[in-house]
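Results of the structural survey
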Amino acid sequence: MDKKYIDRAKKLMSFIEKSPTAFHAVDSVTSRLESEGYSRIDESDRFELRRGGKYYVTRNRSSVIAFRIPDAGADSFMIAASHSDSPMFKLKSNSVISVSDKYAKLNVERYGGMIMSSWFDRPLSVAGRVIIGNGEKIHSETVNIDRDIAIIPNVCIHFNRTANDGYKYNAQVDLLPIIGEKADPSAINKTVAEKLGIDEKSIISSDLYLYNRMKPTFIGLSDEFFSAPRIDNLACAYCTFEGLIESVPTDGVIQICAMFDNEETGSESKQGADSTFLHDIMLRICGSLGISHEEYMRMIPASFMLSADNGHAKHPNHPELSDCNNSPFMNGGVVIKYNANQRYTTDAVSAALFGRICERASVPTQVFANRSDLAGGSTLGNISSTHVSVNTVDIGLAQLAMHSSYETAGTADIDYMTRAVCEFFGTRITCSGDGIYEI
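Presented here is a report on the structure given in the accompanying data block.

1. With respect to the layout of surface pockets
In this structure, the largest pocket occupies an estimated 450 Å³ of space. Taken together, 18 residues make up the lining of the largest pocket; nearest its centre are Phe120, Pro153, Asn154, Val155 and Asp174.

See the structure below:
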């Protein structure tokens, strides 16, 4: 495997390790943006933007939108969107449970549609955010306990002789992790307070999650693949923001990169793709730059969005689950995803535009469609486009074991996606009529 692919994948692995939850993913992204000269704006601030400026805004500390203003003029938006969340287990309130006064375990519930069996017998920890009270003020802090404190133990084969014949897991019974011997009701808050160096009594509430502690690693005789937690969708999040950072400013183009939370549960939140977050920021950018609503509406036909979320590679043990002609492979390039019922937004126009961009970047592409007799997933593109109605293509990276606690993807594909997004942000599209475009 080429060294440039290995180096790019290593940087993604580092990003994944620093991002056990959506809150940490936003921290990782914003830290990177600030190192590249992007300025933070709060939604409660007046937007006073300058030509050539670079900015970012967060919402709920779990979604972020970064944007770059061209030096002169603005006649379109180029938008890349991904999501920050992954399927995992969330701690409930009053989370510590006692078992026979000999075990302490955590009361958790599923977040998103994970493969539950993949969470057994792995080192786990807890991370997320806590709300801290200080007099009349409250503020949030991200926290990562960052050590192996929990495990979800399998039942031994001797007590479950049919375990290898198929088993229906009960999330309230089978998937509760042990964290020790004594069930101190405040054990988690005490550990969090110790980690943050604060008084336990100052913690008012929290959003805490279990995460898999297994480190990312390369797989294959030539490091062709890599495995890690949360590849879906931190890989696309990493590539889209790196593509923005590595791209050049483009005359007339407002470049926007968004990472939304809660895609895994339907995007219906104030920080999800089904919120007004992106639309709000676009309108406020225009307002600050003196672009009228009429001018904004004229910019929309020439604008374009990438909805970047991973796709399914053909499985080596179950090739029959893939479509006969439209099944991508890891390291085969950026995946363009299609669905007749608009689970993905790709159409002939958006596929053609994106295909031309990838040709310019010398990036290979491949196509994904589900078997017609199997229901697939969906993503944020079709949801977001109901608020910001621009041409949109759904793309991703081919991966195995999507929604496992430990997934696998292609090493070269990280570089392919980043270069494609970089070229995308450097592209200007003009629209001279419905369906007539030039790039």
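Further notes follow.
2. Topic: unusual backbone geometry
Both trends apply: most residues other than glycine have a negative phi, and most peptide bonds are in trans. Of note, the amide linkage connecting Asp232 to Asn233 takes the cis form, showing an omega dihedral of 15°. Looking at where Asn233 falls in the secondary structure, it is placed in helix α4 (residues 231-246). For Asp223, which is not a glycine, the phi torsion comes out positive at approximately 60°. Relative to the helices and strands, Asp223 resides in the loop between β11 (217-219) and β12 (225-228). For Asn331, which is not glycine, the phi dihedral falls at a positive 70°.

3. Notes on the sheet that holds strand β2 (residues 54-59)
Read across the sheet, 9 strands follow the order β1-β2-β3-β13-β4-β14-β18-β16-β17 without closing on themselves; strand pairing throughout is mixed. With one partner strand each, in any of the chains shown, β1 (39-40) and β17 (365-368) form the two edges of the open sheet. Strand direction decides the pairing type here: β1 and β2, joined by 2 bridges, are parallel. Bridge pairing links Arg40 to Tyr56 in β2.

4. A few points about the sheet that holds strand β15 (residues 311-312)
Spatially, 5 strands are ordered β11-β12-β20-β19-β15 in an open sheet, and the strand pairing comes out mixed. The open sheet has two free edges, formed respectively by β11 and β15, since each of these has just one partner strand. Sheet topology note: the β12/strand β20 (residues 407-410) ladder contains 4 bridges and is antiparallel. Counted as the bridge partner of Phe226 is Ala409 from β20.

Reading the values: the criteria
Residues numbered from 1 in each chain as written. Predicted model: local features only at pLDDT ≥ 70, side-chain atom pairs only at ≥ 80, totals over all residues. Heavy atoms only, no water. 1 Å grid on protein atoms, 1.4 Å probe; cavity = no way out; pocket = protein on both sides within 12 Å on 5 of 7 lines; lining within 4 Å. Points joined across faces, edges and corners; volume = space filled by probe spheres on them. Helix = DSSP H or I, 4+ residues; strand = E, 2+ residues; numbered from the N terminus. Pairing = 2+ DSSP bridges.

Keep in mind these numbers describe shape, not what the thing actually does.
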